[in-house]
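Residue-level structural notes
What follows is each chain in one-letter form.
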Amino acid sequence: MYSPLAMDHFLRPRHVGKLAGPGVVSGVATNTDCGDTARITLRAAGGAVAEVAFASDGCAGAIAACSATAAWLAGKPLDDARALDVATIERLLAPWPDAKKGCTAMAVAAARAALAQT
Amino acid sequence: MTRIYLDHNASSPWRPAVARWMRSARAGRLGNPSSLHREGRAARALVEAARVHIARRLGAADPQQVVFVSGGTEANNLAIHAATQGRPGRAAVTSIEHPAVLRPMAALAQRGWQVETLPVTAAGQVAGWPDLGPGDVLAVMRANNETGTVLDLAAARRSAPDAWLHCDAIQAIGKIAVDFEALGVDTLSVAGHKFGAPLGVGALVVRDPNRIAPLQLGGGQERGLRSGTQAAALIEALRIALDEAIGEQQARAAHTARQRDRLEVLLTQGVADVTVIGDPRARLPNTLCLAFGGVSAEALVVRLDALGVAVATGSACSSGSGKPSHVLTAMGAPLRGVLRISLGPDHGDAEIDTAGRHIVSAVAQLRRIAA
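Because the structure is predicted, anything quoted here is derived from the model rather than measured.

**Things to note about the overall build of chain B**
Tallying secondary structure elements over chain B gives twelve helices and 13 strands in all. Relative to its length of 371 residues, chain B is compact, with a C-alpha radius of gyration of 21 Å against a globular reference of 21 Å. Each principal axis of the C-alpha atoms in chain B carries an extent, and together these give about 65 × 50 × 35 Å. Taking the intrachain contacts of chain B between residues at least 6 apart in sequence as the baseline, contacts between residues at least 24 apart amount to 71%.

In structure tokens, the structure reads:
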């Protein structure tokens, strides 16, 4: 069902956790299809994403999408990071199952909500 | 990696005797049971001998009461089709039936039937039986596939002594006693792959075969009740598997229940925020349905699969739709994080303990990711 890279992100997720402290912003999103949630916290410094972390109680697709999103964001200039879209993450994890499009949408929505505060 | 398969309610691997038969030269040489030549006669003899044997094992008085079909969905559809040939009346179905029963029952409404869905308790038992009369239809499964709850067929029959009572016994055979006459039902569905026969073969046991109206028309096999060339090799495999499953049922059930209980203790003691779902007083010996708070069941199943343990989600969202299980919804049970673990007949202590350790570890990992 999932690509080898998606499985790798699920089984060995990158950037798991929750950042705290000055300058940390947080974005939360819910997959309305199933109730899964995702939270992305990040800290910007020098015009780029200096640190990023995610948490999700979701399915394998949700965790893989959040992990891939966090990995993609890490170190990105903020202007590039704000251009993140769902297609970018789905291309990274391709082939991405149609049934899991809500997961990528949720991960990207959480990232955008956080980035909107930077 | 040694796999630990704990999804026998979905499909149980071929029994060794079944595998030997399916790989035998004799199975490969069978002709069409309707043919007149020696190969055809051999196939027909095998089918009819299996019919006699299976009728006896399932407690049917007459071998002609056994109709061979392709599996459980066809058996359930054929039963409901047969039961509803008269003028539209009342039909009732438990809210926790398999979709292969729920959907044909729901479709009856389009033909003018009054269809009632019966609520269940938190344990999955029917909360109240309807008052049905002659010509009406009641569908009650022997045991639920998701939770293992064993339903009270005697109460169902008492509530509707003159109604057509259909029993989907697919999850029960080989796990608890299933006797057609003792249950007092009118039709009973059997699916071979749930107890170690290959996929693609099952049976419907019917009290009065003259009342069966065929769903599919053609060559008139199965005395006109189910057209289509009988799958002689599969039917013999069904006989072999059923013979073993029912023959060993009592001895195996005790062992399986012990191993299920061993796993239940490991998991309820090893994991916080876990709920056991089902009826502790009436549960299939092989089934353990658990809700783990704060995690996704799909994530658990995928992680466990990678660790070599095959289990199922307790929901109907295998398509990824996220649609919650109608069974858990009807019971008012937790809908997230629900695993269905269904044991086979032969697990040893070490295998159960390994599976338990992997499940505890997978839940902990997912909770760390969710925190």
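So, next bit.
**Topic: the overall build of chain A**
Along its length, chain A carries five helices and three strands. Helices and strands appear in chain A in the N-to-C order α-β-β-β-α-α-α-α. Its C-alpha atoms give chain A principal-axis dimensions of about 40 × 25 × 25 Å. Evaluated residue by residue, chain A yields a buried proportion of 45% over its 118 residues.

**A closer look at the interface of chain B and chain A**
Taken together, the contacts link 17 residues of chain B with 18 residues of chain A. When residues of the side of chain B that touches chain A are assigned to their parent elements, the largest contribution, five residues, is made by helix α10 (residues 297–306) of chain B. Residue classes in the side of chain B that touches chain A are distributed as seven nonpolar, six polar and four charged.

**With respect to the nonpolar core**
The biggest cluster of nonpolar side chains holds 155 residues, and the ones touching the most others in it are Ala107(A), Leu138(B), Ala203(B), Ala237(B), Leu238(B) and Leu300(B). Among the elements that line this core, the one with the most residues is helix α8 (residues 232–247) of chain B, at eleven residues. A domain split of this core shows at least three residues from each of domain 1 (4–12 + 249–370) and domain 2 (16–247) of chain B. When neighbours within four sequence positions are excluded, Ala203(B) is seen to be in contact with Ile54(B), Val66(B), Val67(B), Phe68(B), Val69(B), Ala75(B), Val190(B) and Leu238(B).

**Some words on the domain arrangement of chain B**
All names here are of chain B. Its domain assignment divides chain B into domain 1 (4–12 + 249–370) and domain 2 (16–247). A straight line from the C-alpha centre of domain 1 to that of domain 2 covers 27 Å. Contacts between domain 1 and domain 2 engage 22 residues on the former and 28 residues on the latter. Of the residues that constitute the side of domain 1 that touches domain 2, the class distribution is nine nonpolar, ten polar and three charged.

**Concerning helix α4 (residues 72–83) of chain B**
All names here are of chain B. Its twelve residues give α4 an end-to-end C-alpha distance of 16 Å, which sits within 8% of 16 Å, the value for a rise of 1.5 Å per residue. Among the twelve residues of α4, nine are classified as buried, and the element is accordingly described as predominantly covered. Taken together, the buried positions of α4 are Gly72, Glu74, Ala75, Asn76, Leu78, Ala79, Ile80, Ala82 and Ala83. Where α4 is buried, its residues touch β2 (66–69), α5 (99–107), β5 (137–139), β6 (164–168), β7 (187–191) and β8 (202–206).

**Here's the deal with the packing of helix α9 (residues 249–270) of chain B against helix α12 (residues 349–370) of chain B**
Residue and element names in this part refer to chain B. α12 packs onto α9 with a crossing angle of 25° between their chain directions and a minimal axis gap of 9 Å. In terms of their interaxial angle, α9 and α12 are classed as roughly parallel. In this structure, the crossing between α9 and α12 has a hand that is right-handed. The segment α9 lies against α12, with Gln259, Arg262, Leu263, Leu266, Leu267 and Gly270 engaging Asp349, Ile352, Asp353, Ala355, Gly356, Ile359 and Val360.

**As for the packing of helix α1 (residues 4–11) of chain A against helix α2 (residues 60–73) of chain A**
Packed helix pairs are characterised by how far apart their axes lie and by the angle those axes make with each other. Residues and elements named next belong to chain A. Packing of α1 against α2 brings their axes to within 8 Å, and their N-to-C directions diverge by 90°. The orientation of α1 relative to α2 falls into the category roughly perpendicular. Side by side, α1 and α2 meet where Ala6, His9 and Phe10 of the first sit next to Ala60, Ile63, Ala64, Ser67 and Ala68 of the second. A per-class count over the contact of α1 with α2 returns six nonpolar, two polar and no charged.

**A closer look at the sheet that holds strand β13 (residues 338–342) of chain B**
Residues and elements named next belong to chain B. Taken in spatial order, the four strands of this open sheet run β9-β10-β13-β12, and their pairing is antiparallel. Looking at strand neighbours, the two that pair on one side only are β9 (274–277) and β12 (312–313), the edges of this open sheet. Sheet topology note: the strand β10 (residues 287–292)/β13 ladder contains five bridges and is antiparallel. Across the sheet, the residue bridging to Leu290 is Leu339, located in β13.

**With respect to the sheet that holds β5(B)**
Residue and element names in this part refer to chain B. With mixed pairing, the seven strands of this open sheet are ordered in space as β2-β8-β7-β6-β5-β3-β4. Of all strands in the sheet, those with a lone pairing partner are β2 and β4 (114–118), marking the two edges. Adjacent strand axes in the sheet meet at a mean angle of 15°, parallel and antiparallel pairs treated alike. Sitting on the sheet, α4 touches β2, β5, β6, β7 and β8, and the angle it makes with β7 is about 165°.

**Focus on helix α5 (residues 101–115) of chain A**
Residues and elements named next belong to chain A. The end-to-end C-alpha distance of α5, which contains 15 residues, comes to 21 Å, matching closely the 21 Å that a straight helix rising 1.5 Å per residue would cover. The set of residues buried in α5 consists of Gly102, Cys103, Thr104, Met106, Ala107, Val108, Ala110, Ala111, Ala114 and Leu115. Where α5 is buried, its residues touch β1 (24–30), β2 (37–45), α2, α3 (78–82) and α4 (86–92).

**As for unusual backbone geometry**
Leave glycine aside and you will find that most residues have negative phi; peptide bonds, for their part, are mostly trans. Residues and elements named next belong to chain A. Between Ala94 and Pro95 the backbone carries a cis peptide bond, its omega angle lying at -5°. Its place among the elements puts Pro95 in the loop between α4 and α5. Residues other than glycine seldom take positive phi values, yet His15 does so here, at roughly 60°. Considering the arrangement of structural elements, one finds His15 in the loop between α1 and β1.

**Details of the environment of Asp243(B)**
Residue placement: Asp243(B) occurs in helix α8. For Asp243(B), the residues in contact, after removing those within four places along its chain, are His53(B) and Arg57(B).

**So, the environment of Leu238(B)**
Residue and element names in this part refer to chain B. Assignment of secondary structure puts Leu238 in helix α8. Leu238 gets classed as buried once you count the C-beta atoms within 10 Å, which come to 28. Along the primary structure Leu238 and Ala310 are separated by 72 residues, whereas in three dimensions their C-alpha atoms are 24 Å apart. Setting aside its immediate chain neighbours within four residues, Leu238 contacts Ala50, Ile54, Gly192, Ala197, Val201 and Ala203.

**Let's talk about the confidence of the model for chain B**
With 98% of its residues at a pLDDT of at least 70, chain B reaches an overall mean of 95. Note that pLDDT drops below 50 for residues 316–320 of chain B; the model gives that stretch eleven contacts with residues more than four away or on any other chain.

Calculation criteria
Residues numbered from 1 in each chain as written. Chains lettered and ligands numbered in written order. Predicted model: local features only at pLDDT ≥ 70, side-chain atom pairs only at ≥ 80, totals over all residues. Helix = DSSP H or I, 4+ residues; strand = E, 2+ residues; numbered from the N terminus. Rg over C-alpha atoms; globule rule 2.2 N^0.38 Å. Contact = placed C-beta atoms within 7 Å. Buried ≥ 20, exposed ≤ 12 C-beta atoms within 10 Å, placed from the backbone. Nonpolar A, V, L, I, M, F, W, Y, C, P; charged D, E, K, R; others polar. Core = buried A, V, L, I, M, F, W, Y, C linked by C-beta atoms within 7 Å. Domains from an automatic or database assignment. Expected span 1.5 Å × (residues − 1). Axes fitted to C-alpha atoms, helices over the stretch in contact; angles between N-to-C directions. Parallel < 35°, antiparallel > 145°, perpendicular 65-115°, else oblique. Left-handed = near helix turned anticlockwise from the far one by under 90°. Pairing = 2+ DSSP bridges. pLDDT = per-residue confidence, 0-100.

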